[in-house]
Amino acid sequence: MTTDFSQGRISRRIIAQAVPLTLAQLVQLLYNIVDRIYIGHMPGAGSAALTGIGLTFPVVTLIAAFTALFSTGGTPLFSISRGAGEEEKARRIMGNVFSLLALTSFALMFLCYAFRRPIMFLFGASESSYIYADAYLKVYLLGTPFAMLATGMNGFVSAQGFPRIGMLTTVIGAALNLVLDPLFIFVFDMGVSGAALATIISQGVSCFWVLRFLTGTRVLLRLERRYMPLRSAIVKRIATLGTSGFIMQGTNCLVQVVCNSTLQGFGGDLYVGIMTVLGSVRSVLELPLSGLISGAQPVMGFNYGAKKYDRVRQAIRFTALCGIAYNLAAWMLVLAFPVFLMRIFSSDPQLIAAGPQALHVYFFGFFFMSFQFAGQMVFQSLGFARQAVFFSLLRKAIIVVPLTLLLPRMGFGVMGVFLAEPISNLIGGLSCFTTMYFTVYKKLGKAQPSEV
């Protein structure tokens, strides 16, 4: 049975989950990446439009953080309960996640819309870049419920052994986005507002698809109204475990704000635009590893719930080794083709001239990110909430943010902002992986590990 993750070769089970999930995440990424590519090549806009879109990233990331709070908290608990044969509990977890996502999405939509101008200037906007940021954000925010429900609930499709259906959730929406983007931006001459409108229409279609499947007859455990009323004990468990995912995304938001404001002060709109491109390149390069981890998590959680600890160890080894090999290859790609990568996202000569040096610095030692991903994956998949939260905070809030503020003022200038990233990858990644190895991995198969 394809939904029983305790059977079959562990690497094949992970790959079977990971491949469609990676494709799904690739398509999901296209929502924003395609917007940036089209906007970066808008006639007459230069780097100002791309900078404006970059200023909206913290808001988009904040929305993703609340999505992760409930989805990354609920999905592992759902998998563990399903592996333990507790289907009633699994159904209630899924229903509560849906309610939490729905309620939070409307609250975020109204709050961010009402305060978007002060938020954008807090994030490093100038008067010229705010015009583009506001035009995009005031449309994009209207699709917040679609974005949160589509992304947050899709994990429950894959966790039940339907990764291809999960892939289609995003493929359908992104294919529509690819068609609508040039139509709205160029044909209807809507500019950045057209890019945002194309995105929320596409997210709405994705949302409809995933909810229709979860309430249909093919799924193993259906999303039903009777399981949606919130229960404090379940909400607490979801939020506790999901805090790691929230902090990972939330600290990304914090880092984006600090980076943009610091770059605005030391380099102006040009370097905020360069950081927008670097973030886009990074999102693309991280995709295969993120898909691998997404495929491994339900397999690990299921086997952990079924007390098949040897299979959990196998999954950790396989995922970690694949991650290191891939990130080494990705680093070599960045070193070899920096100008090409910059040209994908912009035709601004100044940005293309200044970007390669920043790209090389930012991605130096990129393979150390593999250790952070592997450690966080294990803590998140097996329910080790405290460790997951701590290492989420360590790399971003404790290392990156202070370095981003200090290094430019210590003589490194704008390059100090980009240098903070590789330093955090080295220190944070090795710390996370080493702790996971000694506190979890070595104990599996000998004695059930517990939080320290």
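Residues numbered from 1 in each chain as written. Predicted model: local features only at pLDDT ≥ 70, side-chain atom pairs only at ≥ 80, totals over all residues. Heavy atoms only, no water.

Caption draft 1: Inspection of the overall build of the protein at higher detail. Summing up its helical and strand segments, the protein has 16 helices and zero strands in all. Counting all 452 residues of the protein, 61% fall into the buried class. Within the protein, contacts between residues separated by at least 24 positions form 83% of all contacts whose residues are at least 6 apart in sequence. Here the protein has roughly 17,400 Å² of accessible surface; of this, 68% comes from carbon and sulfur atoms. Of the side-chain charges in the protein, 34 are positive and 16 negative, and the distance between the mean point of each set is 11 Å. (Helix = DSSP H or I, 4+ residues; strand = E, 2+ residues; numbered from the N terminus. Buried < 20%, exposed > 50% of the residue type's maximum accessible area, 1.4 Å probe, protein only. Contact = heavy atoms within 4.5 Å. Areas by Shrake-Rupley, 256 points an atom, 1.4 Å probe, with all protein chains shown as cover. Lys, Arg positive; Asp, Glu negative; His and termini not counted. Charge placed at Lys NZ, Arg CZ, Asp CG, Glu CD.)

Caption draft 2: Seen up close, the environment of Met 415. Positionally, Met 415 belongs in helix 16 (residues 414–439). With 48 residues separating them in the primary sequence, Met 415 and Phe 367 have C-alpha atoms 20 Å apart. Among residues more than four places away in sequence, those in contact with Met 415 are Tyr 271, Gln 357, Ala 358 and Val 361.

Caption draft 3: How the structure looks around helix 15 (residues 385–406). Spanning 22 residues, helix 15 covers 31 Å between terminal C-alpha atoms, matching the ideal 32 Å at 1.5 Å per step. In helix 15, a bend of some 40° at Leu 394 exceeds every other bend along the element. (Expected span 1.5 Å × (residues − 1). Bend = angle between axes of the 7 residues up to and from the residue.)

Caption draft 4: Looking closely at the environment of Leu 444. Structurally, Leu 444 can be placed in the segment after helix 16. With relative accessibility at 1%, the residue Leu 444 sits in the buried group. Each C-alpha atom, one on Leu 444 and one on Lys 307, is 9.6 Å from the other, the two residues being 137 residues apart in sequence.

Caption draft 5: Layout of the side chain of Thr 262. Summarising the element assignment, Thr 262 is placed in helix 9 (residues 232–266). Side-chain polar atoms of Thr 262 contact the backbone oxygen of Val 258, separated by 2.7 Å. (Polar contact = N/O pair within 3.5 Å; in protein donor to acceptor, adjacent residues only side chain to side chain.)

Caption draft 6: Structural detail: the packing of helix 7 (residues 163–187) against helix 8 (residues 191–214). Running from N to C, helix 7 and helix 8 point in directions that differ by 155°, and their axes come no closer than 8 Å. Our classification of the angle between helix 7 and helix 8 gives roughly antiparallel. Taken as a pair, helix 7 and helix 8 cross one another with a handedness that is right-handed. Along the lines of polarity and charge, the residues of the contact of helix 7 with helix 8 split into 15 nonpolar, nine polar and one charged. (Axes fitted to C-alpha atoms, helices over the stretch in contact; angles between N-to-C directions. Parallel < 35°, antiparallel > 145°, perpendicular 65-115°, else oblique. Left-handed = near helix turned anticlockwise from the far one by under 90°. Nonpolar A, V, L, I, M, F, W, Y, C, P; charged D, E, K, R; others polar.)

Caption draft 7: Just the packing of aromatic side chains, in detail. Scanning the model with the defined rule gives 18 aromatic pairs in all. Ring geometry for Phe 368 against Phe 371: centres 6.2 Å apart, planes inclined by 35°, an arrangement best described as tilted. No difference in accessibility class separates Phe 368 from Phe 371, as the two residues are buried. Among the aromatic residues, those joined into a ring-pair cluster are Trp 331, Phe 364, Phe 367, Phe 368, Phe 371 and Phe 433. Over the face of the ring belonging to Tyr 113 we find Arg 116, whose NZ or CZ atom lies 4.4 Å from the ring centre. (Phe/Tyr/Trp six-rings, centres within 6.5 Å; stacked < 30°, edge-to-face > 60°. Lys NZ or Arg CZ within 6 Å of the ring centre and 35° of its normal.)

Caption draft 8: How the structure looks around unusual backbone geometry. For Asp 189, which is not glycine, the phi dihedral falls at a positive 55°. The residue Asp 189 is located in the loop between helix 7 and helix 8 in this model.

Caption draft 9: View of the pattern of salt bridges. Applying the stated criterion to the full structure yields nine salt bridges. Between Arg 116 and Asp 134 there is a salt bridge, and its shortest N-O distance comes to 2.5 Å. One end of the pair, Arg 116, is in helix 4 (residues 116–122); the other, Asp 134, is in helix 5 (residues 127–140), and 18 residues separate them in sequence. As far as burial versus exposure is concerned, Arg 116 and Asp 134 are alike and both buried. Salt-bridge contacts for Arg 117 lead to Glu 127; the nearest nitrogen and oxygen are separated by 3.5 Å. Linking Arg 117 in helix 4 with Glu 127 in helix 5, this pair joins segments that are 10 residues apart in sequence. Among the residues examined, Arg 117 registers a relative accessible area of 40% and is labelled partly exposed. Beyond isolated ion pairs, a larger network of salt bridges with shared partners links Arg 282, Glu 286, Arg 395, Lys 396 and Glu 421. (Salt bridge = Lys/Arg side-chain N within 4 Å of Asp/Glu carboxyl O.)

Caption draft 10: Quick peek at the packing of helix 9 against helix 16. For the pair helix 9 and helix 16, interaxial distance at closest approach is 8 Å and the crossing angle is 155°. For the element pair helix 9 / helix 16, the angle class is roughly antiparallel. Residue-level contacts link Cys 259, Thr 262, Leu 263 and Phe 266 of helix 9 to Val 414, Val 417 and Phe 418 of helix 16. Grouping the constituent residues of the contact of helix 9 with helix 16 by class yields six nonpolar, one polar and no charged.

Caption draft 11: A look at the environment of Arg 317. Along the chain, the position of Arg 317 falls in helix 11 (residues 309–336). When its relative accessible area of 38% is taken as the criterion, Arg 317 is described as partly exposed. Arg 317 sits 224 residues away from Ile 93 along the chain, and the two C-alpha atoms are 29 Å apart.

Caption draft 12: Examining the nonpolar core more closely. Judged by nonpolar contacts, the single largest core of 135 residues is most densely connected at Met 120, Met 153 and Phe 418. At 17 residues, helix 10 (residues 269–305) tops the list of elements feeding residues into this core. Sequence-distant contacts of Met 120, that is, excluding residues within four places in its chain, are made with Leu 55, Thr 56, Val 59, Ala 125, Tyr 130, Ala 133 and Leu 137. (Core = buried A, V, L, I, M, F, W, Y, C linked by side-chain atoms within 4.5 Å.)

Caption draft 13: Seen up close, the state of the cysteines. Going through the model one piece at a time under the given rule, you end up with zero disulfides. With no disulfide of its own, Cys 112 has Cys 253 as its nearest cysteine by sulfur position, at a separation of 9.1 Å. Look at Cys 112 and you get buried, because its relative accessible area is 8%. Cysteine Cys 259 remains unbridged, with the sulfur of Cys 253 as its closest cysteine sulfur at 12 Å. (Disulfide = S-S within 2.5 Å.)

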